[in-house]
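One letter stands for each residue in the lines below.
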Amino acid sequence: MLESVTASHKVPTKLVKKSTSQTKYWKPYQTRWNLISLLTLVVAFLENLLVPAQELVNNVTYRWFLVAYFAYLTIVYVAGAVVHGKVRLYSGHFAQLNASIGILLVIQDLLTEKYANIQQPFFVSFAQILDQMKTDHALLLASTWSSLGLWLVSFVIGTIIGIALGLFMGRYRQFNYWAFPYLKVIGIIPAATWMPLTMVIFPTSYLAEIFLIAFSVWFPVAFMTIGGVQSISKDYFESAKTLGFSESQILKKVVIPGALPNIFIGIFTAMGLSFTMLVISEMIGAKVGLGWYINWAKGVGNYTQVYAAIVIMAILFSVIFSLLNKFQEYALRWREKTN
Amino acid sequence: MVQLAVENVDRVLDDNNGQKINVLEDINLNVGSGEFISIIGPSGCGKTTLLRLISGLDTPEKGRVEVDGNVIDQPDVSRGYVFQHGSLFPWETIKDNISSGLKATNGRNYDKKLVDHYIELMGLKGFENAYPHQVSGGMAQRAALARSIVLNPELLLLDEPMGALDAFTRADVQDVIQRVWKQTKTTMILVTHDIDEAIYLGTRIVVMTPRPGRIKEIVDNPLEFPRKRTSDEFLQFRRQIQDKLNF
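Residues numbered from 1 in each chain as written. Chains lettered and ligands numbered in written order. Predicted model: local features only at pLDDT ≥ 70, side-chain atom pairs only at ≥ 80, totals over all residues.

A. Representation of the overall build of chain A in the model. On a plain count of helices and strands, chain A comes out with 13 helices and 0 strands. Scanning chain A from its N terminus toward the C terminus, one meets helices and strands in the order α-α-α-α-α-α-α-α-α-α-α-α-α. Within the span of chain A, comprising 339 residues, buried residues form 35% of the whole. In chain A, 75% of the contacts between residues at least 6 apart in sequence involve partners at least 24 apart. (Helix = DSSP H or I, 4+ residues; strand = E, 2+ residues; numbered from the N terminus. Buried ≥ 20, exposed ≤ 12 C-beta atoms within 10 Å, placed from the backbone. Contact = placed C-beta atoms within 7 Å.)

As C-alpha cells, this is what we get:
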C-alpha cells in the first residue's frame, strides 16, 4: 500500500448543493396574494349559492369541491406561514395561479349555469361535469383503469422494442445496415394507418390496440436511441477498452447510460403519440376505456359525459407525464444542471 | 518486469483531401521497467498517435510494438491509459468510476479496500459520491489516474493529462503522478507539450519533430530527485531541451 500522495487538497470543501426548490418556486411569498386566492374561492362559492340558475344542475359536488380546494389552500398557506421552507416557497409561488383559477371558476359558472350565455348541451358548467363524474363514477373508474392498463402494457412493449433496436442499430454497423432502411420506411407510417388491417389481422381487438399504441411508440424511441448511441464520445469507448470492459459491459456501462438522455427525449415524444393512439384505438375498436366512453357518450348525445372523460384524461395523462419526468430526473441525476 | 519495444513504426493516415500523411515515420523506442519517459514535441508531431499505438487503441502500418516480446494489437488492462480530458464516465460517481475497471475484470468481488485506499491517496475523500461534473478539473484527473492505477498496470500511458489544467492544479497533479510512480514503480510514458512538465517527471526525454513525426533525439535526464523547478540545473537542462525543440 502506498502512503498518502496528495499533500495539498487534503480537506475537501463541501459540495455546493443548489437548492432546486428555490429556482423552481421563484415567485416571492406574499400574504396578500394568498388571501386573495382564498377570497376568490369564497366568491365562487357564494356566487354559485346566491345567483339564481337558469339551468337545472345539482351543485352539491361542486360546492364540496370548492370547500375541499379552500381547505387544501388554507392548510398549505398556514403551513407555509408557520414553517419556513419548501412549503412556503410552494404556497407563495402558486398563490397568483390559484387566484386565477378561482376567478375562472366564477366566470364559467356565470356563463353557463347562471346566465346561459353559452349554450347547452355543448358547453356545460364545471359543476355539471363534477356531478356527472360522481353519478358515473363506477363506470368512469373502470374505464380509467382499463385505459391505464392498456396504455401501460403497450407503452412498455413499444419502448423496450424501440430501445433494443436503437441500441443495436447505434452500436453495430452491420445491424444498422440491414435494419435502418426498413426502420425509416416502416416507422414513418402513422400508426393509425394500420387500423383497418389490425382489426382483421389480430384475433382480439385488445391485441390490435396494443399493437397500434406500441407501434406509435417504438419508432421515435428507436430513432432517438440510435442518435444517442452515436453521439457518445469515442473517448468513453476507448477508456472502457483500456479498463478491460467486455462488449456486454460496454453495452451496459457505456452505451445505455450514454444514450439515456436521448432515449428520454424519444420516450417523451412517443408518450404524446401514444396517448393519441390510445384514445383513437379505443374510440374505434374497444368496448372499454375512456376513448370508448367518449364515443359512447357522443352516441347518446350526453356531452357532459364527454367533458367528464376529458377531465379524467387530463388528470391521468398529467400524472403519467410528471411521474415519467420524475423518473427522468432520477435516471439522469448525473447530468450537469443547465439552469 | 516489462520491456516495451517500438521498432521501425510507421503510421499513415488520410487527411480530409484524401492525401496520405505520414503521422509517424521510422519510430524506434525501447523502454525498460520502472522508467518514466516524457515524449515532447509540438502539436501534430504524432506523439499521441505513438501513445495510442503503444496502448493498442491504434495499429501501425509498418513496424512492431511489443511488450515482453508480445505484439500489441488491442488494448489491455495491463496498459493503463489516462486521456487528456480524463474521460471519466459522467454517469458514474467518482467512486464508481475508480472501481469500474476492477468491477469489469473481477466482477462483484473486487477489492473495495483498494478503491477506498486510492480515494484517500488521491485526496478524493468526501467526493466519492460526487459526479464528475461536480468536481474540479484537477480532482477529475486525479480520479482518472486512480481509475487506471488501481488496476495495477505494468505500463501507464499518460496522454497530456494536465493539458487542460491551470498552472497550480497542474503542478499538484504532477506531484501526485511522481509519487505514484515512485511508490508503485510502474513504468510510465507521458505525452506533453510542456517542457517543464517533461523534465520534472521524466527520466528520459523523447524529443519529436512534426511532419513527418519522427524522434529527433532521446535525452537522458541528469536531474536527481527531488527535483526543483527553479534550480539552476533544471533551468540549464530546460534550455538544452528548448534548443532541441527549435527546429
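B. Structural detail: the domain arrangement of chain B. Residues and elements named next belong to chain B. Here the domain parsing of chain B yields domain 1 (4-78 + 153-245) and domain 2 (89-152). Each of domain 1 and domain 2 was reduced to a C-alpha centroid, and the two centroids are 25 Å apart. Counting from both sides, the interface comprises 14 residues of domain 1 and, opposite them, 13 residues of domain 2. Counting residues per element, the side of domain 1 that touches domain 2 draws most heavily on helix 5 (residues 167-184), which supplies 7 residues. Across the side of domain 1 that touches domain 2, the residue classes break down as 11 nonpolar, 2 polar and 1 charged. (Domains from an automatic or database assignment. Nonpolar A, V, L, I, M, F, W, Y, C, P; charged D, E, K, R; others polar.)

C. Representation of the pairing of strand 8 (residues 187-192) of chain B. Residues and elements named next belong to chain B. Burial runs high along strand 8: 6 of the 6 residues are buried. Neither face of strand 8 is left uncovered, since the one carrying Thr 187, Ile 189 and Val 191 and the one carrying Met 188, Leu 190 and Thr 192 both have all their residues buried. Across 5 bridges, strand 3 (residues 36-40) lies against strand 8 in parallel orientation. The residue of strand 8 that forms the bridge with Ile 39 is Val 191. (Pairing = 2+ DSSP bridges.)

D. Here's a closer look at the sheet that holds strand 1 (residues 4-14) of chain B. All names here are of chain B. Strand order in this open sheet of 4 strands is 2-1-4-5, and the pairing throughout is antiparallel. Here the strands that pair on one side only, and so sit at the sheet edges, are strand 2 (20-31) and strand 5 (70-71). Strand direction decides the pairing type here: strand 1 and strand 4 (residues 62-67), joined by 5 bridges, are antiparallel. For Asp 10, the partnering residue across the bridge sits in strand 4 and is Lys 62. In the packing of helix 1 (residues 47-55) onto the sheet, contacts are made with strand 1, strand 2 and strand 4, and the angle to strand 1 comes to roughly 120°. (Axes fitted to C-alpha atoms, helices over the stretch in contact; angles between N-to-C directions.)

E. Local environment of the packing of helix 4 (residues 137-149) of chain B against helix 5 of chain B. All names here are of chain B. Taken N-terminus to C-terminus, the directions of helix 4 and helix 5 make an angle of 15°; their axes are 9 Å apart at the nearest point. For the element pair helix 4 / helix 5, the angle class is roughly parallel. As helix 4 packs across helix 5, the resulting crossing turns out to be right-handed. Contacts between helix 4 and helix 5 involve Gly 137, Gly 138, Gln 141, Arg 142, Leu 145 and Ile 149 from the former and Thr 169, Asp 172, Val 173, Val 176, Ile 177, Val 180 and Thr 184 from the latter. Looking at the contact of helix 4 with helix 5 residue by residue, the classes come out as 6 nonpolar, 5 polar and 2 charged. (Parallel < 35°, antiparallel > 145°, perpendicular 65-115°, else oblique. Left-handed = near helix turned anticlockwise from the far one by under 90°.)

F. Examining helix 7 (residues 173-187) of chain A more closely. Residue and element names in this part refer to chain A. Under the 1.5 Å per step criterion, the end-to-end length of helix 7 is 19 Å for 15 residues, consistent within 8% with the ideal 21 Å. Of all the bends found along helix 7, the most pronounced is centred on Ala 179 and spans about 40°, while Pro 181, a proline, follows it within four residues. Counting buried residues in helix 7 gives 0 out of 15 residues, a small share hidden from the surface. (Expected span 1.5 Å × (residues − 1). Bend = angle between axes of the 7 residues up to and from the residue.)

G. Representation of the interface of chain A and chain B within the structure. Facing 25 residues of chain A, the contacting portion of chain B comprises 37 residues. Of all elements in the fold, only helix 10 (234-242) and helix 11 (247-285) of chain A reach the threshold of two or more residues within the side of chain A that touches chain B. Top element by residues in the side of chain A that touches chain B is helix 10 of chain A. It accounts for 6 residues. A per-class count over the side of chain A that touches chain B returns 10 nonpolar, 8 polar and 7 charged.

H. Molecular detail of the nonpolar core. One finds B:Ile54, B:Ala143 and B:Ile189 to be the most contacted residues of the largest nonpolar core, which totals 108 residues. Once you skip the residues sitting within four places of it in the chain, B:Ile54 turns out to touch B:Leu4, B:Val6, B:Val65, B:Ile72, B:Leu157 and B:Ile189. The next biggest cluster of nonpolar side chains, apart from the first, holds 23 residues, and it includes A:Val124, A:Ile129, A:Val306 and A:Ala308. (Core = buried A, V, L, I, M, F, W, Y, C linked by C-beta atoms within 7 Å.)

I. Molecular detail of the sheet that holds strand 6 (residues 79-82) of chain B. Residues and elements named next belong to chain B. Read from one edge of the open sheet, 6 strands run 6-7-8-3-9-10, paired in mixed fashion. Across the chains shown, the open sheet's two edge strands, defined by having one partner strand only, are strand 6 and strand 10 (214-220). Across the sheet, the mean angle from the axis of one strand to that of its neighbour is 15°, orientation sign disregarded. As paired strands, strand 9 (residues 204-209) and strand 10 are joined by 6 bridges and run antiparallel to one another. What sits directly across from Met 208, in strand 10, is Ile 215. On the sheet, helix 7 (residues 232-245) packs against strand 9 and strand 10 and is oriented at approximately 25° with respect to strand 9.

J. Spotlight on helix 5 (residues 126-135) of chain A. Residue and element names in this part refer to chain A. A large share of helix 5 lies buried, amounting to 8 of its 10 residues. Taken together, the buried positions of helix 5 are Phe 126, Ala 127, Gln 128, Ile 129, Leu 130, Asp 131, Gln 132 and Met 133. Buried residues along helix 5 sit against helix 2 (31-50), helix 3 (60-82), helix 4 (86-114), helix 6 (137-171) and helix 13 (303-331).

K. Structural view of the confidence of the model for chain B. The predicted model of chain B has a mean per-residue pLDDT of 91, with 99% of residues at 70 or higher. What the predictor reports for the complex is a pTM of 0.88 with an ipTM of 0.92. (pLDDT = per-residue confidence, 0-100.)

L. Layout of the environment of A:Glu209. Residues and elements named next belong to chain A. Along the chain, the position of Glu 209 falls in helix 9 (residues 205-230). Classification of Glu 209 by C-beta neighbours within 10 Å gives buried; the count is 28. As for Glu 209 and Met 277, which are separated by 68 residues in sequence, their C-alpha atoms are 8.5 Å apart. Setting aside residues up to four positions removed in sequence, Glu 209 forms contacts with Leu 150, Ser 281, Glu 282, Gly 285 and Ala 286.

M. Geometry of unusual backbone geometry. Residue B:Pro212 is bonded to the preceding B:Arg211 through a cis peptide linkage, with omega at -10°. For B:Pro212, the position within the fold is in the loop between strand 9 and strand 10. With an omega of -5°, the peptide bond between B:Phe225 and B:Pro226 qualifies as cis. In this fold, B:Pro226 is placed in the loop between strand 10 and helix 7. The backbone phi angle of A:Ala116 is positive, close to 50°, even though this residue is not glycine. The topology assignment puts A:Ala116 in the loop between helix 4 and helix 5. If you check the backbone angles, B:Asn152 has positive phi at about 50° while not being a glycine. Position of B:Asn152 relative to the elements: it lies in the loop between helix 4 and strand 7 (155-159).

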